[in-house]
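Take a look at the letters that make up each chain.
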Amino acid sequence: MAVWDDLVGQARVQAQLADAARDADGLVTAVADRSGATPAPAGSRMTHAWLFTGPPGSGRSTAARAFAAALQCVSPDRALGGEPGCGFCDGCHTTLVGTHADVEIVRTDQLSIGVKDTRELVRRAQLSPAGGRWQVIVLEDADRLTEGAGNVLLKAIEEPAPRTVWLLCAPSLEDVLPTIRSRCRHLVLSTPSVDAVADVLVRRDGIDPATAATAARATQGHIGRARRLATDERARARRAVVLKVPLRVADIGGCLKAAQELVDAAGEDAKQVAEEMDVKETDDLKAALGAAAGGRMPRGTAGAMKELADRQKRRSTRTQRDSLDLALSDLTGFYRDVLALQLGSRVALANEDVRDSLDRVAQSSTPERTLRRIEAIIACRQALDRNVAPLLAVEAMTVALRAG
């Protein structure tokens, strides 16, 4: 299986990356000049910094990882003219599973990436590749860089180290500093088709075709969410609760109760993540700091423990926000289907499995009211981005859904 097989519905991007990987292979095998850098030939499609943008679920990080694997490919077939990115060699395999010594994959479970972490990345980028090919830094959440962190990264991209490649991922160009994006080669990924996502769920994950089709249609081409919906019973239950919200906002009491349940469900997700990760992280740090068997900490370690607690709190906040955002996405999809029915559109419905509910809301409302409800959901998402208390933001939204 080639490294590109997981890149769904992105034929144009795949072709560009494959061409760049071939040129990169030529740079590695060329004779280096005295400075230790390999000069790029005229017309080379390889460069030191790339920016992958596209909507959520389009496969930005998947494309970046596949490209990183192709850059590190050491298949014996290469000597016979084989394409980089075989998917089987040690370079490809270790890159894809995240254990390659020369590939750093950075994702954050925090609200932002700060200056301290970015400086560590820049230091790593200055090192020569241990395997003699490329030092690759994959930054999956480039949109979460603070302004100070972005300026630190800019210096490294302006003056790249030999054989170092930066692969940045963000939802859009506007999410990255103009000075950074102007120094990167930009690749735009599109949302894959529903059929393409269903096919990959069947082919790669062994999901039955009917379940795969339903999940792909419900998530409108978001690969990660489709896989979770098809394989996780709890995710299906959560979605079912969210899609009942439009029928529960007939009075103020129903609005407030629905809002509380959405926030509580997001809090449960954050609590589950905490139970799975926080205790282990705390115990590991205590052991590393030399805590006594009875749990007593050595002097001078309180700062490290507080830093870990703060990081875990920020992760919990992000988990809750991400869970709420997922619920709001499902709710937006519901009203999008309602609007399609009201306007007599022939577009395929994302939530065909709740067609009765869609028909009820469509018949009891107007397209204008449906649009105002979609705007209320967008306003809620914007309020959450501005750190408005989740319950207040969601209550305001459910009341607006009732008013229409």
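Check the entry above for the structure.
This report concerns the structure included in the present document. Since this is a predicted model, take the numbers as computed values, not measurements.

### Topic: the overall build of the chain
Then step 1. A tally of helices and strands in the chain yields 15 helices and five strands.
Then step 2. Here the chain has a C-alpha radius of gyration of 24 Å; the compact-globule value for 404 residues is 22 Å, and the two agree.
Then step 3. Per-residue burial over the chain gives 44% buried out of 404 residues.
Then step 4. A separation threshold of at least 6 residues defines the contact pool for the chain, and within that pool the share at least 24 residues apart is 70%.
Then step 5. When the accessible surface of the chain is split by element, carbon and sulfur atoms take 53% of a total near 20000 Å².
Then step 6. Within the chain, one finds 54 positive and 53 negative side-chain charges whose respective centroids are separated by 3 Å.

### Focus on the packing of aromatic side chains
Then step 1. Evaluated as defined, the whole model comprises two aromatic pairs.
Then step 2. Between Trp-50 and Phe-67, the ring centres sit 5.0 Å apart and the planes meet at 70°, which makes this aromatic pair edge-to-face. Residue Trp-50 is located in strand β1 (residues 49–53), and its partner Phe-67 is located in helix α2 (residues 60–71); the two are separated by 17 residues in the primary sequence.
Then step 3. The class for Trp-50 is buried, based on a relative accessible area of 1%.
Then step 4. Given the relative accessible area of 0%, Phe-67 is considered buried.
Then step 5. For the ring pair Phe-334 and Tyr-335, a centre distance of 5.6 Å and an interplane angle of 85° mean the geometry is edge-to-face. As far as burial versus exposure is concerned, Phe-334 and Tyr-335 are alike and both buried.

Calculation rules
- Residues numbered from 1 in each chain as written.
- Predicted model: local features only at pLDDT ≥ 70, side-chain atom pairs only at ≥ 80, totals over all residues.
- Heavy atoms only, no water.
- Helix = DSSP H or I, 4+ residues; strand = E, 2+ residues; numbered from the N terminus.
- Rg over C-alpha atoms; globule rule 2.2 N^0.38 Å.
- Buried < 20%, exposed > 50% of the residue type's maximum accessible area, 1.4 Å probe, protein only.
- Contact = heavy atoms within 4.5 Å.
- Areas by Shrake-Rupley, 256 points an atom, 1.4 Å probe, with all protein chains shown as cover.
- Lys, Arg positive; Asp, Glu negative; His and termini not counted.
- Charge placed at Lys NZ, Arg CZ, Asp CG, Glu CD.
- Phe/Tyr/Trp six-rings, centres within 6.5 Å; stacked < 30°, edge-to-face > 60°.

None of the figures reported here should be taken as evidence of function without further support.
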